[in-house]
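Report on the structure
Each chain is listed here by its residues.
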Number of protein chains: 2
Amino acid sequence: MQNLVERLLDGDRRALARMVTLIENDMPVARRYLAELHARAGNAQIVGVTGAPGAGKSTLVTHLVRELRHRERKVGVVAVDPSSPFTGGAILGDRIRMMELAGDPNVFIRSMASRGSVGGLSASTRDVVRAMDAAGYNPIIIETVGTGQAEVEVMRAAQTVLVVTAPGMGDEVQAIKAGILEIADIFVVSKADKPGADQTVAELAMLLSLDPTRRQRDKTTPAWRIPVLKTAAIKDQGIRHVVDAIQEHYAYLVESGMLSQRAQRQVRSEVQALLSHALMNALQQTITEDEWRTLIDDITARERDPYSVASQLQERIGLK
Amino acid sequence: MQNLVERLLDGDRRALARMVTLIENDMPVARRYLAELHARAGNAQIVGVTGAPGAGKSTLVTHLVRELRHRERKVGVVAVDPSSPFTGGAILGDRIRMMELAGDPNVFIRSMASRGSVGGLSASTRDVVRAMDAAGYNPIIIETVGTGQAEVEVMRAAQTVLVVTAPGMGDEVQAIKAGILEIADIFVVSKADKPGADQTVAELAMLLSLDPTRRQRDKTTPAWRIPVLKTAAIKDQGIRHVVDAIQEHYAYLVESGMLSQRAQRQVRSEVQALLSHALMNALQQTITEDEWRTLIDDITARERDPYSVASQLQERIGLK
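Everything numeric here is computed off the predicted structure, so don't read it as measured data. (Residues numbered from 1 in each chain as written. Chains lettered and ligands numbered in written order. Predicted model: local features only at pLDDT ≥ 70, side-chain atom pairs only at ≥ 80, totals over all residues.)

A separate point is the overall build of chain A. A count of helices and strands for chain A gives 14 helices and 7 strands. Buried positions account for 45% of the 320 residues belonging to chain A. Counted over contacts in chain A with a minimum sequence separation of 6, partners at least 24 positions apart contribute 77%. (Helix = DSSP H or I, 4+ residues; strand = E, 2+ residues; numbered from the N terminus. Buried ≥ 20, exposed ≤ 12 C-beta atoms within 10 Å, placed from the backbone. Contact = placed C-beta atoms within 7 Å.)

Before going further, it helps to spend a moment on the sheet that holds strand β3 (residues 107-111) of chain A. All names here are of chain A. A sheet is described by the order of its strands in space; here 7 strands give the open sequence β3-β2-β4-β1-β5-β6-β7, paired in parallel fashion. Here the strands that pair on one side only, and so sit at the sheet edges, are β3 and β7 (228-230). Strand-to-strand twist of the sheet, defined as the mean angle between neighbouring strand axes without regard to direction, takes the value 20°. Of the strand pairs in this sheet, strand β5 (residues 160-165) and strand β6 (residues 186-189) are connected by 4 bridges, and their pairing is parallel. Among the inter-strand pairings, Val163 is bridged to a residue of β6, identified as Phe187. (Pairing = 2+ DSSP bridges. Axes fitted to C-alpha atoms, helices over the stretch in contact; angles between N-to-C directions.)

To continue, consider the pairing of strand β2 (residues 75-79) of chain A. Residues and elements named next belong to chain A. Most of β2 sits inside the fold, with 5 of its 5 residues counted as buried. Side chains Val75, Val77 and Ala79 of β2 all project onto a buried face; the interleaved residues Gly76 and Val78 project onto the opposite face, where all are buried too. As judged from the 5 bridges shared by β2 and β3, these two strands associate in the parallel manner. Paired with Val77 across the strands is Ile109, a residue of β3. Pairing analysis gives 4 bridges linking β2 to strand β4 (residues 140-143), with the strands arranged parallel. In the sheet register, Val77 faces β4, and the bridge partner there is Ile141.

Residues and elements named next belong to chain A. Of note, Ala134 is situated in helix α6 (residues 118-134). Taking C-alpha positions, Ala134 is 21 Å from Ala251, a pair spaced 117 residues apart along the chain. Filtering out sequence-adjacent residues up to four positions away, Ala134 remains in contact with Leu8, Leu9, Leu37, Arg40 and Ala41.

What follows deals with the relation of the copies chain A and chain B. With an RMSD of 0.1 Å, the fit of chain A onto chain B corresponds to turning through 180° and sliding 0.0 Å along the axis. Interpreted geometrically, this transformation is the action of a two-fold axis. (Least-squares fit on C-alpha atoms with pLDDT ≥ 70 in both.)

In the contact formed by helix α14 (residues 306-316) of chain A and helix α3 (residues 28-38) of chain B, the axes pass within 8 Å of each other and the chain directions differ by 120°. If you check the angle between α14 of chain A and α3 of chain B, you find them oblique. For the pair formed by α14 of chain A and α3 of chain B, the contact residues are Pro306, Tyr307 and Ser308 of chain A on the first element and Arg31, Leu34, Ala35 and His38 of chain B on the second. Grouping the amino acids of the contact of α14 of chain A with α3 of chain B by side-chain chemistry returns 4 nonpolar, 2 polar and 1 charged. (Parallel < 35°, antiparallel > 145°, perpendicular 65-115°, else oblique. Nonpolar A, V, L, I, M, F, W, Y, C, P; charged D, E, K, R; others polar.)

Turning our attention to the nonpolar core. Ranked by internal contacts, the top residues of the largest apolar core, which has 161 residues, are Met19, Ala131 and Ile142 of chain A together with Met19, Ala131 and Ile142 of chain B. Met19 of chain B has contacts with Leu4, Leu8, Tyr33 and Ala131 of chain B, leaving out every residue within four places of it along the chain. (Core = buried A, V, L, I, M, F, W, Y, C linked by C-beta atoms within 7 Å.)

Here we take up the interface of chain A and chain B. Facing 47 residues of chain A, the contacting portion of chain B comprises 47 residues. In terms of residue count, helix α12 (residues 258-286) of chain A provides more of the side of chain A that touches chain B than any other element does, 14 residues in total. Within the side of chain A that touches chain B, the residues separate by chemical class into 24 nonpolar, 16 polar and 7 charged.

Here we come to α3 of chain B. Residue and element names in this part refer to chain B. By the burial criterion, the buried members of α3 are Ala30, Tyr33, Leu34, Leu37 and His38. Across the axial projection of α3, the buried residues extend over an arc of 140°, all falling on one side. Facing away from the buried side of α3, by more than 90 degrees, are the exposed residues Pro28 and Val29. (Arc of directions from axis to C-beta.)

Excluding glycine, residues mostly have negative phi values, and the peptide bonds linking residues are mostly trans. Put simply, Asn138 of chain A and Pro139 of chain A share a cis peptide bond, and its omega is 0°. In this structure, Arg302 of chain A is a non-glycine residue whose phi angle is positive, near 65°. Residue position: Arg302 of chain A is located in the loop between α13 (289-300) and α14. Judged by the 12 C-beta atoms lying within 10 Å of it, Arg302 of chain A is exposed. Positioned with a positive phi, Glu72 of chain B is a non-glycine residue whose angle comes to about 60°. Mapped onto the secondary structure, Glu72 of chain B falls in the loop between α4 (57-70) and β2 (75-79).

Residues and elements named next belong to chain B. Spatially, β3-β2-β4-β1-β5-β6-β7 is the arrangement adopted by the 7 strands of the open sheet, whose pairing is parallel. Here the strands that pair on one side only, and so sit at the sheet edges, are β3 (107-111) and β7 (228-230). Strand-to-strand twist in this sheet, taken as the mean axis angle between neighbours without regard to direction, amounts to 20°. In this structure, strand β1 (residues 46-50) lies alongside strand β5 (residues 160-165), joined through 4 bridges in parallel fashion. In the sheet register, Gly48 faces β5, and the bridge partner there is Val161.

A few words on the confidence of the model for chain A. Summing up the model confidence of chain A, the mean pLDDT is 84 and the portion of residues at 70 or higher is 81%. Overall fold confidence (pTM) sits at 0.79, and the ipTM for the predicted complex is 0.85. (pLDDT = per-residue confidence, 0-100.)

Right, let's talk about the environment of Ala123 of chain A for a bit. All names here are of chain A. Among the secondary structure elements, Ala123 is positioned in helix α6. Owing to 22 C-beta atoms within 10 Å, Ala123 belongs among the buried residues under this scheme. With 100 residues separating them in the primary sequence, Ala123 and Ile23 have C-alpha atoms 9.4 Å apart. Not counting the four nearest positions on each side in its chain, Ala123 is found in contact with Ala273 and His277.

Helical geometry: 3.6 residues make up each α-helical turn, so side chains three or four residues apart lie on a common side. All names here are of chain A. The terminal C-alpha atoms of helix α4 (residues 57-70), which comprises 14 residues, lie 20 Å apart, in line with the 20 Å expected from a rise of 1.5 Å per residue. Of all 14 residues in α4, 10 are buried, a share of seventy percent or more. Lys57, Ser58, Thr59, Leu60, Val61, Thr62, His63, Leu64, Val65 and Leu68 are the residues of α4 that are buried. Immediately downstream of α4, the backbone of Glu72 shows phi near 60°, a positive value. (Expected span 1.5 Å × (residues − 1).)

Following this line, the structure appears as structure tokens:
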């Protein structure tokens, strides 16, 4: 019998599913397999889709997958959004569309539980994407709700980030101002058949023209004009344009050299995250929960201070 | 001449200002002083004030400080909000009010640059609060814009968190849903003289009644009913009620045992943050920027994998 890595590389879906489970359960063997898979990954475009609840992300993702299948792409989906039909929060229509997708052998959908630490979630998402990538899925779509710290962290693994908003969600524009703007490569105004869609598009376009960081970035690298696209997913309207924009963005990333720049930043933060994880493990193995409690009590009682306790622990875990 | 710590403990404002500068510049001596100051801190109530830009945070903080001065409290303010008049983004009226406060010897205002890492900002804010606390300021108000990861992190240092919103900011309610709700102890609807204030109050009250996590928490600890208070800061209206609520919340924290629970959580996360900081330092001292680049290049070229690189670095920095 072939080993798991070989079967996964041969396109065996069950091997991929098994691998994802190993990653999610943080099994030590997963890391050894992933080290092998890393050599064979790096071909997929990683697309992030984010936005507030109700913005229409899941419907958009469903239609994107369909359009990508029309273009004969093998598509991976990782859903980190607790309100997504991929993870459980579906309304009936969504669920039916999902099941239709899940039956397609060239679509692999996996949801990630957002329990656990922020670092843990983004690490396991990155690892699952790596496994899908090595298995030949391309693109791989990561869907998150774009509000929490965990989700923004997860979005860092994407090369192309779509921010989805719907007409009449003035709140969305506010949220976008607050930080999402910086990570967006493509804006999608969903539910374009609703009143106010054109106004939302105009507002976003204005916001984009005002953003100083983006203007400054354009001076050093060739400009990517962030498109603001309208979709009415219910009629498949605009979806082709969105898929076109995703492909254009990838071409832009390659030509401008941004793809390798982003890859380098991501790899560095991944190595640092692995080391932080190792630090937390070392702490867990060095001091018992009882000892932690005693130390914390001493500090809160002002008998000791946090700086000297940290120094002492640093020595005990061997950290230079 | 007395040393800096002694002068600071004696209430010398210039010593405190010097200490804050040492913290901001991350001087090694700062930590030694802070270890001494820790033994003398722990008396201040730490109050966080957060909300979206335009919610009226700064005006509220100004009026809170005034009311607290009427009550003969010695008040510290740490502003992490880039749009705050404390840090520079003031309109004229705000600035005049600020200057008035800054002239009072029993008010100490310091703004924190939000440059640098998330971890760095929350660590230096915590240290500045510790110094003000040891110098006898109580309460100490931390003002942030409640949207980014950095600011939410900073808010963890507070014992009592005020979330400020204004009428007609439906977006605020959405933002609150997304995460701020979990950290709020008191809601303030500012600009209560504007239309829609009562509706905003009603909406918040409903949101609070629906929040399942909060209901569950109430089963294990005595209940704190999160008040939703209206202020029209321009007429000083409602400010006294807010200060009363802040004081009542402190009494609640003490009586319920939550104060020491929160202190213990904060201390633990502080010790972990200090260790993460030590990890990053150890890395910086162990490998040069050139070597980092080579390692990252090898990983992106798929000649090496991130897991084995992280293991190797772990060994080199001595981490068990």
